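Close look at the chain arrangement
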Amino acid sequence: MVVRFAAPAKLLLLHWLATFALVMSLLTGLRLFVSNTWHGALDARWTDWLPRGDIFALHVALGWLWLAIVIIWMVRRYISGAIRRERARPPTSALARLNLNILRAGRIILPLLLLSGLLLWSGINLWRPGLIILHAALALAALVCALAHIIAQLSATWWQGFKAVYLRLPAWRALLTASLVVPLVLTATAWLWRDALNSASATDLIVREIPPGQRLQRDGVLDEPFWQDATPVTVVTRVPGSAAHVPVEIRAARQGLVIYFAFTWEDPTQSLAHLPLIKTEAGWKVLHEGVAENDERRWYEDKFAVVFSDQPDIAGNGSFHFGTGQPETSRSESRRGAHFVESGLVDMWHWKAVRNHGYGVLDDSHFGTPYPRVPGEQRYTAGYKADPSQTNPFSSNYLWFYEDIVVPKRLPNDPAQLEPFQTLHDDENAVPFALSWYETKPYSAEDDHYPVGTLMPSVLWITNPDTDRSDAAAYGRWHDGRWTLEVARGIAAESDFDLDITDGTYLWVATFDHAQVNHSYHLRPLRIRFK
C-alpha cells in the first residue's frame, strides 16, 4: 500500500529529518572536537558515551544529509509561497516575532555551518585553525536556535504545536516511515555516495618516468634532476590537540618496476632521544610523559607514516575508529581510538627516525581486521601490525616497562660508549639514542657503576628486518628544520600484506613530532596518476 502524505506531513518529514540530523551531527561532531582538541586530557568516563567507530565518514555523510534537507526546505518555501506570505503578513504578537527572528538567525547559521564543514572536508588551508573553532561555534549556535525555536513554538501552541510539527500524519505507517525509514535511507544514500565524492575530490599526485640512465641516491637530498623538475603536491595535515598544522610536500617518480617517493615536512627539532634511561638513586628509570598510557609526546623519536588503499574513503579509507581499541573487548589505552578495518587491508609505511636508522628500510606495516588481544601484552594495537619478519630488528633496553624503576637488559661493553648521549641535542648535533646489541653485554648489578644522572639509550639495534617487513627502502635526513624522507618500493606487491602501487591508488600521510601515537592527519586522499 502506498502511503500518501498530506501537505502538513511534508513539513513534518523535514522536521523529523532535521531533528535526526541535528542530534547525530552534534554527537559525532562532539566526538571529533573532543578527540582533536582535548585528546588525552579528559577521563574516559566523560567521553565513552559518545559515538564510536568510523566517525569521520559518518559525520561527513550527515553533512550531505543536512545539505539535502536545506535544499528541500528552500525549494519548498519558494514553491509554497511561504517567503511571500512572510513578507506580506508579518507576525503581530511578540512571541511570534521572536520565533521568526530565531528562524531568520537559523537561516544564516545553517548555511555558514555547512560552508565551514565543506571547507574543512575539502582540506583547504584557509584560516584552518580558526575554521575548526568557527565550525564548532556555529554548531553550538544551531543547537541554541533549535532549542529556542522549540520553546517558542511550544509556548505558543504547546501540545497542539508539538503534534502539528511531529505527529500530524494520516496514519501510523506514515509516522514510522517519516521517523525511521526516510532518515536511514537518506543517510545510507549519502554513505554510499561517499566513495564517488571522495574520489572526485581527490588531489592527483603525478608520477613521472625517470629517464633511462639517471640514478637516484637515497640520501635525503633532492638534488637529482627529476626531483628538481617534479612539481610537489602539498598536503596540509592537522595535529590533534593543538592548532598546529604541518604541510607535507610529496613528490613521486618511477623507473621500470620501481616507484620512488620524496616527502618533506617542517619540524623545528630533530627528536632522536627515544625514551632514554636515566640513572637515579633507586636505579634506572625511563624518561617519559605518557608512555604508561601509550601516548608519549615528549621523550620519543620523530616518525612519519604513509597509508595506501585502493578505496578513497576519507581518513585512510576509514581505518581509524574513534573511542575503541578492539570493539568487543576494550577501548584503546590512549583513549582516542585505534586503527583497523572491517575487512580487507590497508598498506602502511611507518618510518622511525631512531629505530629505523642505519637499516636503509622503514617498517612496512598494515592495518587489518582487529587481532586478538595477547594476555599480558603492554600495548594493544587492534589492526595495526608490522608486516611479518623472521628477525626482530630492534628491542627495548629494559625487561618490562614500569613508571618508576626498570631493569636494563644490557650495558655497554665500554662505558665511554655513553658519552655522546650525555648532552641532549635537538639540532644537527643530535645523535640517535640507540646502541648496537653486539656492543653491549647482559646487565648485572656488579657492572652497574654508572653515576646518578647518567643517560643511556633504551633502543637496541639487533639486525636488519627481512622478508615482508623490509619491502620499502628508505632514508630520512633532517636539515635546517625540515625532514626529507626518500622511499623506494616495487610497484607490484610481493606480499599478501602489501598493495600494488598503481595508477589510481590512494594515499594519505601523517607526521609524528616526537610523539608515540598523536600524529597529524588529513581527510581527503591523494590519488596516484602515472604519466
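Provided above is the structure to which this section pertains.
Each chain carries its own residue numbering, running from 1 in the written order of its sequence. For a predicted model such as this one, the threshold for reporting local features is a pLDDT of at least 70, and the threshold for listing and counting side-chain atom pairs is 80 or more; totals across whole chains, interfaces and linings nevertheless cover every residue. Calculation of side-chain values draws on the structure's entire complement of heavy atoms; hydrogens and water are dropped beforehand.

As for the sheet that holds strand 5 (residues 277-279)
Definition in use: For two strands to pair, DSSP has to find at least two bridges joining them. Helix and strand definitions here come from DSSP, where helices need a minimum of 4 consecutive H or I residues and strands a minimum of 2 consecutive E residues; each element is numbered from the N-terminal end.
With antiparallel pairing, three strands are arranged side by side in an open sheet as 6-5-17. Looking at the sheet topology across the chains shown, the edges are occupied by strand 6 (284-286) and strand 17 (455-456). When strand 5 meets strand 17, the two strands line up antiparallel, connected through two bridges. Counted as the bridge partner of L277 is M456 from strand 17.

Quick notes on the nonpolar core
Defined as follows: Side-chain atoms within 4.5 Å link the members of a nonpolar core, which is a set of buried Ala, Val, Leu, Ile, Met, Phe, Trp, Tyr and Cys residues. Each residue is placed in one exposure class: buried if its accessible area under a 1.4 Å probe, protein chains only, is under 20% of its type's maximum, exposed if it is over 50%, and partly exposed if it falls in between. Contact definition: two residues touch when any of their heavy atoms are within 4.5 Å.
With 41 residues, the main nonpolar core has F261, F263 and L507 as its most contacted residues. Discounting chain neighbours no more than four positions away, the residues touching F261 are L205, W227, R251, A252, F308, W349, L485, E486, V487, I501, L507 and I528.

Things to note about the packing of aromatic side chains
Selection rule: Centres within 6.5 Å are what make two rings of Phe, Tyr or Trp a pair, Trp counting through its six-membered ring; a difference in plane orientation under 30 degrees is then read as stacked, over 60 as edge-to-face, and the rest as tilted.
All told, the structure shown has 17 aromatic pairs when counted by the stated rule. Their ring planes at 55° and their centres at 5.9 Å tell us that F261 and F308 sit as a pair that is tilted. Residue F261 is located in strand 4 (residues 258-266), and its partner F308 is located in strand 7 (residues 303-309); the two are separated by 47 residues in the primary sequence. Across the pair, exposure class does not vary: F261 and F308 are buried alike. Centre to centre, the rings of W351 and W483 are 5.1 Å apart; their planes meet at 70°, and the pair counts as edge-to-face. Placement of the pair is W351 in strand 10 (residues 346-352) and W483 in strand 20 (residues 482-490), with a sequence separation of 132 residues.

Notes on the environment of S122
Tracing the sequence through the fold places S122 in helix 4 (residues 94-122). Overall, S122 belongs to the partly exposed group, its relative accessible area being 21%. Sequence separation between S122 and A202 is 80 residues; the distance between their C-alpha atoms is 9.1 Å.

Remarks on the pattern of salt bridges
In plain terms, the rule: Take a side-chain nitrogen of Lys or Arg and a carboxyl oxygen of Asp or Glu: if they are within 4 Å of each other, that pair is a salt bridge.
This model, assessed by the stated rule, comprises 14 salt bridges. Residues R527 and D204 are paired through a salt bridge, measuring 3.0 Å at the closest nitrogen-oxygen approach. One end of the pair, R527, is in strand 22 (residues 526-530); the other, D204, is in strand 1 (residues 203-209), with 323 residues separating them in the sequence. In this structure D204 comes out as partly exposed when scored by relative accessible area, which is 32%. Here K441 makes a salt bridge to D447, at a shortest N to O gap of 3.8 Å.

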